[in-house]
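Understanding the architecture of this molecule
Each chain, letter by letter, is given below.
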Amino acid sequence: MSLLEVRDLSIAFGGLKAVDGLSFDVAEGEVFTLVGPNGAGKSTIFNMISRFYEPTEGKIFFDGEEITHLPAHKIAELGIARTFQNIELFDHSTVLSNLLMGRHVHRKTQVIQDLLFTRKARADERSHRRRVEEVITFLELEAHRDSLIAGLPYGVRKVVEIGRALAIGPKLLLLDEPASGLSVEETRDVAFWIEDMKREMGLTILMIEHDMGLVSAVSDRVLAVADGKFLAQGTASEVQSHPDVIEAYLGTGVNGEPELKKEEAGA
Amino acid sequence: MKVIFKKSYDRDIDLFKDRQTALRIGLLVLVLVLVPFFASDYFLAEATNTLIWSLAGLGLMVLVGHTGQVSLGHAAFLAIGAYTDAALMNAGWPWLLAFLTAGAVTGVFGAIIAIPAIRMSGIYLAIATMALAVLVEEAVILAEPITGGVAGVFAPDIAIFGISFGRYDSLPNFYWLCLAVVVIVTFGYANLLRSATGRSFLAVRDSEISARALGINVSRTKTLAFGLSCAITGLAGGLMGHFFSFFNYEAFTIIISINLLLAVTIGGLGHIQGAFAGAILITAVPQVLAIVRDGLSNIGVDLSGVPGLDTLVFSLILIGFIIYEPLGIYGRYLKIKAFWDLFPLSRRDMFRRQMTYLKTERMK
Ligand SMILES: Nc1ncnc2c1ncn2[C@@H]1O[C@H](COP(=O)(O)OP(=O)(O)OP(=O)(O)O)[C@@H](O)[C@H]1O
Ligand SMILES: [Mg+2]
């Protein structure tokens with residue numbers, strides 16, 4: 001059964017059709033990757049699933065339920081977590097509290113209980129912490145637990161963002177360019193983690209990625225888009241050798257593997 | 001540098017990070033409790049004023065420091081607290097009931113104000129809240145039956161079980177009362193910060209977009225922050241009314257709003273300690289300046305004839321802080337502490353801000 005169904009999804013910004021009648025299904029337990037040249041509309045698709053953008057047409061179903069018109073803050077509790085292309089962490093907090101913020105949908109206390117810090121609040125804190133420690137162990141973030149985000153290297157921040165999404169305890173994880181700006185070693189770690197998230201945690205992953213090495217290593221299926229439209233779908237090698245895909249990338253200059261834009265590497 | 005050896009998650013959940021900190025805070029509260037035994041009436045009144053300002057600062061800190069919403073209208077909430085408390089007591093209510101109701105009424109009012117306000121941020125929010133303060137000032141003058149109009153209103157002396165807590169006839173009692181309120185509110189505030197509610201405030205402050213992706217209802221969180229902030233400020237207003245004994249609309253002008261915002265900013269945004277540091281600065285500096293001026297006149301330099309000199313020096317001190325120490329007094333303290341903790345390994349740019357609170361929202 002497919003966990004996520006996207007049907008004829010379109011969005012226009014003014015005259016620009018950023019996504020144009022796109023449909024795809026993500027099956028439970030698979031790693032599904034979106035590829036495409038810069039500005040193809042990949043992040044825009046994520047923003048529609050996250051409900052930050054209102055689609056002009058089309059529908060999105062998650063777990064059989066339509067989510068096209070839900071408010072953005074209702075998405076996490078359904079079990080959809082995401083990361084951002086340009087890291088969006090809480091910069092003035094520690095890694096630990098960033099991860100704890102990921103537990104928000106699981107909170108069981110009301111404000112009054114928090115203000116008085118009742119036993120229930122303490123029990124709640126302990127259970128969040130236990131879950132977050134599992135994430136810390138999984139992503140090997142022990143050394144950074146009490147560091148402020150603002151002082152961390154870029155690579156670690158990217159991992160913390162994945163960690164925060166995992167802390168939600170999602171069924172579907174949306175990763176927007178998890179390897180952009182990372183070193184070869186860091187990218188290899190990300191590949192292992194994605195494998196483990198799929199195998200051991202049973203997560204379904206929808207990923208946007210430019211690094212074709214990573215895409216081929218972890219993806220079950222790949223969908224290529226350009227100018228918001230469907231180009232090709234299949235295994236990584238099928239998509240990579242598809243004539244339309246090659247042509248779309250030729251248009252942007254680099255064959256198969258577009259260079260990182262400055263803002264991605266730096267942000 | 002001190003490394004704390006943690007054996008259970010509770011070490012991070014507990015109110016104080018180690019026994020020394022608990023002892024230090026305990027000692028501080030003890031010293032504050034003992035102040036009336038060795039301070040003059042004049043000093044005790046000043047200390048009481050500082051406590052009340054600290055309480056108001058805590059209220060504003062919830063909103064500005066921890067939720068990232070600027071308010072230039074908090075004098076209005078002080079006023080609502082003060083007038084509600086005084087009016088209810090004049091109607092025969094016992095103090096505690098009037099006081100808590102004043103807090104609750106101000107909180108509800110703040111939450112209602114939040115409904116239009118949460119659509120704004122940064123400078124627009126500051127202007128909108130400032131406009132609100134002006135409106136409330138006018139409303140106070142118009143609502144003469146409750147507020148006494150231009151003439152003002154009398155806040156009766158507080159008495160609990162026949163014991164007077166009057167500001168003039170039993171100042172030590174009134175001081176202790178204010179201290180108790182401040183301690184209780186600070187305790188609640190610290191609890192908030194170590195639990196889910198406080199984290200949701202911080203999340204909204206640092207990245208609304210991420211907050212939403214984590215399932216945080218940003219509008220509701222901001223409304224709650226407004227409500228809590230205004231409730232605490234309302235309580236401060238209630239106490240302030242009693243401190244003044246008699247007051248009218250002039251007690252809660254835009255200057256008070258500005259001073260309060262300055263206090264939390266200079267004290268150190270995002271730290272409970274900052275509210276106290278700022279309140280001490282704002283209430284103590286004018287006093288220190290007065291003492292200096294008197295001292296100078298004793299040695300023959302008479303400055304009493306120069307109008308506005310105190311205000312000028314006071315303003316210069318504030319501007320100096322804003323320019324040279326954007327992290328505030330408490331931020332400066334943390335820097336010095338980190339410097340010595342890490343000595344000689346500290347880095348110059350360790351505290352450099354990477355992004356400001358007023359950054360734009362990116363969605364990519
Ligand atoms: N909020 C917005 N307002 C206007 N135009 C937008 C907005 N968001 C995205 N766009 C436009 O939509 C198009 C697709 O952008 P999108 O960010 O989805 O590309 P992408 O496939 O993620 O590219 P990249 O690989 O560079 O991340 C771009 O032309 C972009 O300028
Ligand atoms: Mg993108």
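Keep in mind that this is a model prediction, so the values were computed, not measured.

Structural notes on the coordination of the magnesium ion (ligand 2)
Taken together, A:Ser43 (OG) and A:Gln85 (OE1) make up the full set of protein donors to the magnesium ion (ligand 2), lying 1.9 to 2.1 Å away. One end of the pair, A:Ser43, is in helix α1 (residues 42-49); the other, A:Gln85, is in the loop between β6 (80-82) and α3 (95-101), with 42 residues separating them in the sequence.

Digging into the site of ligand 1
Around ligand 1, 17 residues are found, and the nearest of them are A:Gly39, A:Lys42, A:Ser43, A:Thr44 and A:Gln85. Close to ligand 1, residues of chains A and B are found. One of the side-chain N or O atoms of A:Asn38 is found 3.0 Å from an oxygen atom in ligand 1. Contact between ligand 1 and A:His210: an oxygen atom at 3.0 Å from a side-chain N or O atom of the residue. For ligand 1, whose free accessible area comes to 640 Å², the fraction covered by protein is 74%. Of all the elements in the fold, those that place two or more residues in the shell around ligand 1 are β2 (16-27) and α1 of chain A. At 3 residues, α1(A) tops the list of elements feeding residues into the shell around ligand 1. Across the shell around ligand 1, the residue classes tally to 5 nonpolar, 7 polar and 5 charged.

What about the nonpolar core?
Membership of the largest hydrophobic core comes to 90 residues, with the highest contact counts inside it found for B:Leu55, B:Leu58, B:Tyr83, B:Phe174, B:Leu239, B:Phe247 and B:Phe252. Tallying contributions element by element places helix α3 (residues 41-67) of chain B first for this core, with 14 residues. Apart from residues no more than four positions distant in its own chain, B:Leu239 is found in contact with B:Ile52, B:Leu55, B:Trp95, B:Phe99, B:Phe174, B:Cys178 and B:Val181. Listed in part, the 49 residues of the second largest apolar core include A:Ala76, A:Ile149, A:Val159 and A:Leu173.

Quick notes on the interface of chain B and chain A
Taken residue by residue, the interface counts 39 residues in chain B and 44 residues in chain A. Between chain B and chain A, roughly 4,000 Å² of surface is buried when both sides are summed, and carbon and sulfur atoms account for 56% of that area. Viewed at the interface, chain A and chain B are joined by 5 salt bridges. With a closest N to O distance of 2.9 Å, A:Arg122 and B:Asp14 form a salt bridge. Run the count over chain B and chain A and you get 13 residue pairs in polar contact (both at pLDDT 80 or more). Elements represented by at least two residues in the side of chain B that touches chain A include exactly α1 (10-13), α8 (171-193), α9 (196-206), α10 (208-213) and α11 (218-244) of chain B. Top contributing element to the side of chain B that touches chain A by residue count: α9(B), with 8 residues.

Quick look at the side chain of B:Thr221
All names here are of chain B. Structurally, Thr221 can be placed in helix α11. The exposure class assigned to Thr221 is buried, which follows from its relative accessible area of 7%. With sequence-adjacent residues up to four places away left out, Thr221 is seen in contact with Ser200, Phe201, Val204 and Ile216.

Looking at the domain arrangement of chain A
All names here are of chain A. For chain A, the assigned domains are domain 1 (26-54 + 65-79 + 170-267) and domain 2 (87-169). On a C-alpha basis, the centroid separation for the pair domain 1 and domain 2 is 25 Å. If you look at the interface, domain 1 gives 21 residues, while domain 2 gives 12 residues. Per-residue buried area on domain 1 facing domain 2 is highest for Pro170, Trp193 and Met201; these three make up 39% of the total on that side. Across the contact surface, domain 1 and domain 2 share 0 salt bridges. Our count for the domain 1 to domain 2 interface comes out at 4 residue pairs in polar contact (both at pLDDT 80 or more). Put simply, the parts of the chain that give the side of domain 1 that touches domain 2 at least two residues each are α2 (75-78), β7 (172-176), α7 (184-199) and α11 (262-266). Considering every element that reaches the side of domain 1 that touches domain 2, the biggest residue donor is α7, with 4 residues. Class assignment for the residues of the side of domain 1 that touches domain 2 results in 12 nonpolar, 2 polar and 7 charged.

What counts, and where the lines are drawn
Residues numbered from 1 in each chain as written. Chains lettered and ligands numbered in written order. Predicted model: local features only at pLDDT ≥ 70, side-chain atom pairs only at ≥ 80, totals over all residues. Heavy atoms only, no water. Donors = N, O, S within 2.8 Å, 3.2 Å for Na, K, Ca; no water. Helix = DSSP H or I, 4+ residues; strand = E, 2+ residues; numbered from the N terminus. Near = heavy atom within 4 Å. Polar contact = N/O pair within 3.5 Å; in protein donor to acceptor, adjacent residues only side chain to side chain. Areas by Shrake-Rupley, 256 points an atom, 1.4 Å probe, with all protein chains shown as cover. Nonpolar A, V, L, I, M, F, W, Y, C, P; charged D, E, K, R; others polar. Core = buried A, V, L, I, M, F, W, Y, C linked by side-chain atoms within 4.5 Å. Buried < 20%, exposed > 50% of the residue type's maximum accessible area, 1.4 Å probe, protein only. Contact = heavy atoms within 4.5 Å. Buried area = accessible area lost by both parts, 1.4 Å probe. Salt bridge = Lys/Arg side-chain N within 4 Å of Asp/Glu carboxyl O. Domains from an automatic or database assignment.

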